[in-house]
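In case you want the letters, here they are:
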Amino acid sequence: QVQLVESGGGLVQPGASLRLSCTASGSISSIYVMGWYRQAPGKQRELVATITSVDSTFYADSVKGRFTISRDNAKNTVYLQMNSLKPEDTAVYYCNVRALTTARVIVNAWGQGTLVTVSS
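As the structure is a prediction and not an experimental result, all values here were calculated from the model.

Caption draft 1: Main features of the overall build of the protein. Looking only at helices and strands, the protein has zero helices and 11 strands in total. For the protein, the succession of helices and strands along the chain, N to C, is β-β-β-β-β-β-β-β-β-β-β. For a compact globule of 120 residues, the expected C-alpha radius of gyration is about 14 Å, and the protein comes in at 14 Å, within 12% of that figure. Along the first, second and third principal axes, the C-alpha atoms of the protein reach 50 × 25 × 20 Å. Of note, the protein has its 11 positive side-chain charges centred 4 Å away from the centre of its 7 negative side-chain charges.

Caption draft 2: Region of interest: the pairing of strand E3 (residues 18-26). Pairing geometry for strand E1 (residues 2-7) and E3, over six bridges, is antiparallel. Across the sheet, residue Ser7 finds its bridge partner in E3, namely Ser21. One ladder, built from six bridges, connects E3 with strand E8 (residues 77-82); its direction is antiparallel. By the bridge assignment, Leu18 is partnered in E8 with Met82.

Caption draft 3: Structural view of unusual backbone geometry. A positive phi is found at Asp55, a non-glycine position, where the angle reads about 65°. Structurally, the position occupied by Asp55 is in the loop between strand E5 (46-52) and strand E6 (57-59).

Caption draft 4: A look at the environment of Ala40. Following the sequence through the fold, Ala40 ends up in the loop between strand E4 (28-39) and E5. The contact partners of Ala40, leaving out residues within four places of it in the chain, are Thr90 and Ala91.

Caption draft 5: Main features of the state of the cysteines. Going through the model one piece at a time under the given rule, you end up with one disulfide. Disulfide pairing is shown between Cys22 and Cys95; the S-S distance is 2.1 Å. Across the S-S bond linking Cys22 and Cys95, the dihedral sits near -80°, which makes this disulfide left-handed. Placement of Cys22 in strand E3 and of Cys95 in strand E9 (residues 91-101) is noted, with a sequence separation of 73 residues between them. Residue Cys22 is classed as buried on the basis of its relative accessible area, which comes to 0%.

Caption draft 6: Geometry of the pairing of strand E10 (residues 106-110). Burial of the side chains of E10 is restricted to one face: Val107 and Ala109 are buried, whereas none of Ile106, Asn108 and Trp110 on the reverse face is. Counted along the chain from E9 to the antiparallel partner E10, the turn is four residues long, and its residue Arg104 has a positive phi close to 65°.

The rules behind each value
Residue indices begin from 1 for each chain and proceed along its sequence in written order. Only residues with pLDDT of at least 70 are given local features in this predicted model, and only at 80 or more are side-chain atom pairs given and counted; all residues enter the totals for whole chains, interfaces and linings. Values reported for side chains reflect all heavy atoms of the structure, with hydrogen atoms and water molecules removed beforehand. Strands here mean DSSP runs of E at least two residues long; helices mean DSSP runs of H or I at least four residues long; both are numbered from the N terminus. Here the radius of gyration uses the C-alpha set of atoms, whereas the globule reference equals 2.2 Å times the residue count to the power 0.38. Residues counted as positive are Lys and Arg, residues counted as negative are Asp and Glu, and His and the chain ends are not counted. Working definition for charges: the position is that of NZ of Lys, CZ of Arg, CG of Asp or CD of Glu. A pair of strands is labelled paired if DSSP reports no fewer than 2 bridges between them. It only takes one pair of heavy atoms within 4.5 Å for two residues to be counted as in contact. Cysteine sulfur atoms are paired as a disulfide whenever they come within 2.5 Å of each other. Exposure categories follow from relative accessible area, calculated using a 1.4 Å probe and restricted to protein chains: below 20% of the type maximum is buried, above 50% is exposed, and the middle band is partly exposed.

Below, the structure written as structure tokens:
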């Protein structure tokens, strides 16, 4: 019903920047919340940032001041601008979307994940 395609991961050095993108497609009527989660090796998946349909944002304490989440409603796309990256930011980053489909069903969709590696 709702498909997510992520892009933008890669290998960077500490202090560098990356921008992740995630585009939603399918039988979408409206998107409520878009967000990013991450899972580091051997750890549980954790919330990174979310943004609502009225651009209200939330950030995990570990990324405040370094990461910025934004969305383009016309493109059903959410971005995560990551600056001043640290080795501890290394993880697989997953896009998450909570949306209402044209069948009037609320779905919680996940992307396939994109790997971000921060290493010198």
